[in-house]
Amino acid sequence: MKKGCWILILMLGSLSSLKAQLEAPEKPVGFDPARVFIGTSLNLGLSNRFFNLGLNPEVGYSLNNWLDIGVAMNLNYYSQSATGFNTIKYKNFNFGGGAFLRVWPISFLHLQIQPEYNWISSSQTDVNTGQTFKYKLQAPSMLAGIGYGTREIGNRFSHFTIMIDLNQAINSPYRDQFGDPQPVFRGGFGMYLNSRKR
């Protein structure tokens, strides 16, 4: 996983450099309220006997034509059914927050990295005995991925992003009971404050 993280960081750096070289340099203008955006995304994860649904509000700032930074919160519900190898059924609710970096090397394509910290309420039921155990857990996560979208600074944006958790934390809400990362699909939209009149 560490190797994958370094590859992603190198890709982000390379694409950022390429984008900067291809475009005319932007004049620094200081803080521009029209570059502040608010939005949300819906989170969906599906696989064999696994389900994840969440909401992710965010506030950010477009530093230039190809780079966004911001903070995001998350609210997630996660469940996993028992299997022939494991008789435990899992249900988790978690909330958390973190920062994100979104790079747009091409106008319709973005790369995203999002470190988070999560607080988790977990319920685990043995389907054979009916016995239930409840836990309070915490875990960091490092979501990274690629997405497609539209973005018009000063107006609005939308995106669809596929990510996985690069971190190895066993209690991560984005990993299954065996610690394997689960794909996370997020569809988001938002608007810029002080939207420019057209």
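Rules used throughout
Every chain begins its residue count from 1, and numbering advances along the sequence as written. Since the coordinates come from a predicted model, pLDDT governs what is reported: local features require at least 70, and pairs of side-chain atoms require 80 or more to be given and counted, while whole-chain, interface and lining totals use all residues. Note that water and hydrogens are dropped before the side-chain values are worked out from all heavy atoms of the structure. Helix numbers and strand numbers start at the N terminus; a helix is a DSSP run of H or I with at least 4 residues, a strand a run of E with at least 2. The cut-offs for exposure are 20% and 50% of the maximum accessible area for each residue type, with area from a 1.4 Å probe on protein chains only; residues under the lower value are buried, those over the upper are exposed, and the others partly exposed. Contact definition: two residues touch when any of their heavy atoms are within 4.5 Å. The Shrake-Rupley method, run with a 1.4 Å probe, gives the accessible areas here. Residue values count only the displayed protein chains as cover. Whenever a carboxyl oxygen of Asp or Glu lies within 4 Å of a side-chain nitrogen of Lys or Arg, that contact is scored as a salt bridge. For two strands to be treated as a pair, DSSP must find at least two bridges joining them. In this scheme Phe, Tyr and Trp rings, the latter by its six-membered ring, pair at centre separations within 6.5 Å, and the angle between planes marks the pair as stacked below 30 degrees, edge-to-face above 60, and tilted otherwise. Here a patch means residues that are over 30% exposed by relative accessible area and free of salt bridges, tied together within 9 Å if like-charged and within 5 Å if nonpolar (Val, Leu, Ile, Met, Phe, Trp, Tyr). By nonpolar core is meant a set of buried Ala, Val, Leu, Ile, Met, Phe, Trp, Tyr and Cys residues that side-chain atoms within 4.5 Å join together.

*Asks:* Honestly, the overall build of the chain in this entry has me stumped. Any pointers?
*Replies:* Across its full length, the chain holds one helix and eight strands. Listed by position from the N terminus, the elements making up the chain come as α-β-β-β-β-β-β-β-β. When each of the 198 residues of the chain is scored for burial, the buried share is 44%. Considering only residue pairs separated by 6 or more positions, the chain has 60% of its internal contacts joining residues 24 or more positions apart. In the structure as shown, the chain presents an accessible area of about 10,800 Å², 66% of it carried by carbon and sulfur atoms.

*Asks:* Explain the pattern of salt bridges here, please?
*Replies:* Close approach of charged atoms allows side chains of opposite charge to pair. In total, this model carries three salt bridges according to the counting rule given. The salt bridge partner of aspartate 68 is arginine 151, with a shortest N-O separation of 2.8 Å. A residue pair is termed long-range when its members are at least 10 positions apart, and aspartate 68 in strand E3 (residues 67-80) and arginine 151 in strand E6 (residues 132-152) qualify at 83 residues. We classify aspartate 68 as buried; its relative accessible area is 2%.

*Asks:* Whenever I open this one, the pairing of strand E2 (residues 50-64) confuses me. Can you help?
*Replies:* The side chains of a regular strand alternate between the sheet's two faces. Across twelve bridges, E2 lies against E3 in antiparallel orientation. Paired with leucine 53 across the strands is tyrosine 77, a residue of E3. Where E2 folds back onto E3 in an antiparallel hairpin, the turn is made up of two residues.

*Asks:* Can you walk me through the packing of aromatic side chains in this structure?
*Replies:* In this structure the tally under the stated criterion is nine aromatic pairs. Summarising the aromatic geometry, the rings of phenylalanine 95 and tryptophan 119 are spaced 5.7 Å apart at their centres and angled 20 degrees between planes, so their arrangement reads as stacked. Separated by 24 residues along the polypeptide, phenylalanine 95 in strand E4 (residues 88-106) and tryptophan 119 in strand E5 (residues 109-126) bring together distant segments of the chain. The exposure class assigned to phenylalanine 95 is partly exposed, which follows from its relative accessible area of 42%. Their ring planes at 20 degrees and their centres at 6.3 Å tell us that phenylalanine 160 and phenylalanine 185 sit as a pair that is stacked. Here the residue phenylalanine 160 occupies a position in strand E7 (residues 156-165), and phenylalanine 185 occupies one in strand E8 (residues 184-192), the gap between them amounting to 25 residues. Note on phenylalanine 160: relative accessible area 41%, which makes it partly exposed. Taken together, the aromatic side chains of Phe37, Phe100, Phe157 and Tyr192 make up a single cluster linked through ring pairs.

*Asks:* Got a minute to help me understand a nonpolar patch on the surface in this structure?
*Replies:* On the surface, Leu42, Leu44, Phe51, Leu53, Leu55, Leu75, Tyr77, Phe93, Phe95, Tyr117 and Trp119 cluster together into a nonpolar patch covering about 960 Å² of accessible area. Contributing elements (two or more residues each) for the nonpolar patch: strand E1 (36-47), E2, E3, E4 and E5. Looking at the nonpolar patch element by element, the count peaks at three residues for E2. Summarising the element assignment, leucine 53 is placed in strand E2.

*Asks:* Would you mind showing me how to read the pairing of E8 here?
*Replies:* Of the two faces of E8, only one is covered, namely that formed by Val184, Arg186, Gly188, Gly190 and Tyr192; the face formed by Phe185, Gly187, Phe189 and Met191 stays uncovered. Pairing analysis gives eight bridges linking E7 to E8, with the strands arranged antiparallel. Looking across to E8, one finds that isoleucine 162 is bridged to phenylalanine 185.

*Asks:* Would you mind going over the environment of lysine 91 with me for this structure?
*Replies:* Structurally, lysine 91 is set in strand E4. Once the C-alpha coordinates of lysine 91 and tyrosine 77 are considered, the two residues, 14 residues apart in sequence, prove to be 7.6 Å apart. When neighbours within four sequence positions are excluded, lysine 91 is seen to be in contact with Tyr77, Tyr78, Ser79, Ser121, Ser122 and Ser123.

*Asks:* Could you clarify how one ought to interpret the nonpolar core in this entry?
*Replies:* If you look at soluble globular proteins, the nonpolar side chains tend to sit buried side by side. Counting residues in hydrophobic clusters, the biggest one holds six residues: Phe37, Ala72, Phe100, Ile153, Phe157 and Tyr192. Aside from chain neighbours lying at most four places away, what touches phenylalanine 100 is Phe37, Glu58, Val59, Gly60, Asp68, Ile69, Gly70, Val71, Ala72, Gln112, Ile113 and Gln114.

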